[in-house]
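Reading the structure
Now for the letters of each chain:
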Amino acid sequence: MKLGMSQEDLAKRVKEKLSVIQKIEMGKIAPDTQLCRELQHELKIKLLVPRKETPPPKTAAPGEVTLGDIIKIKGQRDEDATH
């Protein structure tokens, strides 16, 4: 509404059916990632936020090196070399 755009106008701009836009607005369905990006662009709003990663649980015995530890150490060395 703030942009002076009707649901029909928005549907045409994001190449989606009017009924889909109406259902999204009413909260009956959630848009997929691609449609979220298009809606963000057209409406000049933020819909997607980065997901926070949770560290995986440690399962290795104390003092034991896992493949994940090696990858993490190598990634840190590569990052340090580029800075």
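Up top is the structure.
Quick summary incoming for the structure in this document. (Residues numbered from 1 in each chain as written. Predicted model: local features only at pLDDT ≥ 70, side-chain atom pairs only at ≥ 80, totals over all residues. Heavy atoms only, no water.)

1. Structural notes on the overall build of the chain
From N to C terminus, the chain includes four helices and zero strands. The proportion of buried residues among the 83 residues of the chain is 16%. The long-range fraction of contacts in the chain, counting pairs at least 24 apart against all pairs at least 6 apart in sequence, stands at 24%. Total accessible area on the chain is roughly 7600 Å²; 56% of this is exposed by carbon and sulfur atoms. (Helix = DSSP H or I, 4+ residues; strand = E, 2+ residues; numbered from the N terminus. Buried < 20%, exposed > 50% of the residue type's maximum accessible area, 1.4 Å probe, protein only. Contact = heavy atoms within 4.5 Å. Areas by Shrake-Rupley, 256 points an atom, 1.4 Å probe, with all protein chains shown as cover.)

2. Digging into the nonpolar core
Among the nonpolar cores identified, the biggest contains nine residues, and these are Met5, Leu10, Ala11, Val14, Val20, Ile21, Ile24, Leu35 and Leu39. Within the residue set of this core, elements represented by two or more residues are helix H1 (7-13), helix H2 (18-26) and helix H3 (33-43). For this core, the element with the highest residue contribution is H2, accounting for three residues. Sequence-distant contacts of Val20, that is, excluding residues within four places in its chain, are made with Ile29 and Leu35. (Core = buried A, V, L, I, M, F, W, Y, C linked by side-chain atoms within 4.5 Å.)

3. Quick notes on H3
Within H3, the full set of buried residues consists of Leu35, Cys36, Leu39, Gln40 and Glu42. Elements in contact with the buried residues of H3: H1 and H2. Where H3 ends, the next residue or the one after it, Lys44, has phi of about 55 degrees, a positive value.

4. A few points about the environment of Glu16
Position of Glu16 among the secondary structure elements: in the loop between H1 and H2. In this structure Glu16 comes out as partly exposed when scored by relative accessible area, which is 31%. Spatially, the C-alpha atom of Glu16 lies 8.6 Å from that of Leu35, the residues being 19 residues apart in sequence. The contact partners of Glu16, leaving out residues within four places of it in the chain, are Ala11, Ile21 and Leu35.

5. A word on the pattern of salt bridges
Considering all chains together, one arrives at two salt bridges under this definition. When the shortest N-O distance is used, the salt bridge between Lys12 and Glu8 registers 3.8 Å. Within this pair, Lys12 and its partner Glu8 are both found in helix H1, separated by four residues, close to a single helical turn. Assessed through its relative accessible area of 58%, Lys12 is described here as exposed. Judged by its relative accessible area of 43%, Glu8 falls in the partly exposed class. Glu42 is paired through a salt bridge with Arg13; the nearest N and O atoms lie 2.8 Å apart. Here Glu42 is found in helix H3, whereas its partner Arg13 is found in helix H1, with 29 residues between them in sequence. (Salt bridge = Lys/Arg side-chain N within 4 Å of Asp/Glu carboxyl O.)

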